[in-house]
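# Observations on chain architecture
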Amino acid sequence: MTFIPQRRLGLAIGISLLILLLAAIILSIAQLGRATISVWILLWVLVPLVCVPLTLVVAYNLYGLLTARYSLDRDGFSLNWGWASEYIPIVDLSRPRRASELGVNSRPSRSLWWPGCVVGRREVAQLGTLEFFATTPPAKMVILRTGGRALAISPPDVDAFLHSYTGAARMGSLEPTSPQSQRPDFVLGRVWDSRAARALVLAGAAVPLALLAYLALRAPGLPPEIPFGFTPAGVPEPYSPPGRLLLLPLIGGLCWLVNLAIGAWLFRREADRPISYALWGAVVLMGVLLWAAALQLLLAAGIAIP
């Protein structure tokens, strides 16, 4: 028997979020095309940096909702949700319980979810790892347990699902089957789970962003022209509009993006992870050097550095 979870609310909220995020990205890019160096430019840079990853997560969650389904028969229980799938033989499945009966915190702890799309996981003392593939509030969720982990699902008719399980368990399995579990393997997710990798990646992004913020805050006090280089004799030259200083954080941001992609690709193999750490560390060092270059140019223009 197949059960399709209720998904109207989740799709409505998710599509609305997707439209808002895309609108924010388009607006920020349009503003960057004609912005001058000021405090506002920091906002137009931050918006796509934050919204693009969120857009990808929201889009995948919407895909998961569109493909969500549960199936239960005398051989076992199966789940499909986006690129995630699960099959549990009926003999390995403990009797399903309503989430309200177990009294557990039925909310994911580290994931992007919204009402109507409750996807993620959390550690629960009495259940182990609890994974959520649900669309309803906790009162209408069903907990399936197998081994040291559990699934939280939301069949549209809880009573019908529990009745189907009782009938399937009584009939027994026709032939032995093996459990199967598949989850999407996002490389950036593995990078984020590593504390050292996460620290280096965030530091590599923070250094050029901090430089951009500093230049934006100093913009009102900059002269019409500042030096953007030095001759071999150490004389500041040539002079350019202060907006050219934006090239420094831009270079740092582009290097961070390229090294993030290469490092994430190498991070898939345990043996290549030291190279990934070296690449991300080099970006942090480059950001520090770009900071030093910007401060040196400001000093050459006679601007006091606080």
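Use the structure listed above.
What you see is a predicted model, and the numbers here were worked out from it, not measured in a lab.

Taken together, the side chains of L46, L49, V50, L54, V57 and L112 present a nonpolar region at the surface, about 430 Å² in accessible area. Structurally, L49 is set in helix α2 (residues 39-67).

On to the sheet that holds strand β2 (residues 69-72), then. Strands sit in the order β1-β2-β3-β4-β10 across an open sheet of five strands; the sheet is antiparallel. At either end of the open sheet lies a strand with only one pairing partner, and these are β1 (2-3) and β10 (180-182). The pairing of β2 with strand β3 (residues 76-81) spans four bridges and is classified as antiparallel. Note that in β3 the partner of Y70 across the bridge is L79.

Attention now goes to the packing of aromatic side chains. All chains considered together, the criterion is met by 11 aromatic pairs. Arranged with centres 5.9 Å apart and planes meeting at 55°, the rings of W81 and F133 form a pair that is tilted. Of the two residues, W81 is situated in strand β3 and F133 in strand β7 (residues 128-134); the sequence distance between them amounts to 52 residues. Among the residues examined, W81 registers a relative accessible area of 3% and is labelled buried. Through a chain of ring-to-ring contacts, the aromatic side chains of F3, Y70, F77 and F161 assemble into a single cluster.

To continue, consider the sheet that holds strand β9 (residues 149-153). An order of β5-β8-β9-β7-β6 is seen for the five strands of this open sheet, with the pairing classed as mixed. Each edge of the sheet is formed by a strand with only one pairing partner; in this case those strands are β5 (97-98) and β6 (118-124). Packing against the sheet, helix α4 (residues 158-171) makes contact with β5, β8 (142-146) and β9, and its axis sits at approximately 30° to β8.

Attention shifts here to the nonpolar core. Ranked by size, the top nonpolar core spans 32 residues in total, and within it F77, W81, L144, I153 and F161 carry the most contacts. Looking at this core, the elements with two or more residues in it are α1 (8-34), α2, β2, β3, β4 (84-89), β8, β9 and α4. When residues no more than four places from it in sequence are discounted, the contact partners of W81 are P5, Y60, G64, L65, T67, A68, Y70, V119, F133, A134 and T135. In this structure, L215, L222, L297 and I303 belong to the second largest nonpolar core, which totals 12 residues.

This brings us to the pattern of salt bridges. One side chain can pair with another of opposite charge once the charged atoms of both are near each other. Scanning the entire structure with this criterion turns up nine salt bridges. For E86, the salt bridge identified is with R183, shortest N-O distance 2.6 Å. One end of the pair, E86, is in strand β4; the other, R183, is in the loop between β10 and α5 (187-193), and 97 residues separate them in sequence. For E86, a relative accessible area of 3% corresponds to the buried category. Owing to a relative accessible area of 23%, R183 belongs among the partly exposed residues under this scheme. Between E101 and R97 there is a salt bridge, and its shortest N-O distance comes to 3.0 Å. A relative accessible area of 45% means that E101 is categorised as partly exposed.

Rules used in this analysis
- Residues numbered from 1 in each chain as written.
- Predicted model: local features only at pLDDT ≥ 70, side-chain atom pairs only at ≥ 80, totals over all residues.
- Heavy atoms only, no water.
- Patch = residues over 30% accessible without salt bridge, like charges linked within 9 Å, V, L, I, M, F, W, Y side chains within 5 Å.
- Areas by Shrake-Rupley, 256 points an atom, 1.4 Å probe, with all protein chains shown as cover.
- Salt bridge = Lys/Arg side-chain N within 4 Å of Asp/Glu carboxyl O.
- Helix = DSSP H or I, 4+ residues; strand = E, 2+ residues; numbered from the N terminus.
- Pairing = 2+ DSSP bridges.
- Phe/Tyr/Trp six-rings, centres within 6.5 Å; stacked < 30°, edge-to-face > 60°.
- Buried < 20%, exposed > 50% of the residue type's maximum accessible area, 1.4 Å probe, protein only.
- Contact = heavy atoms within 4.5 Å.
- Axes fitted to C-alpha atoms, helices over the stretch in contact; angles between N-to-C directions.
- Core = buried A, V, L, I, M, F, W, Y, C linked by side-chain atoms within 4.5 Å.

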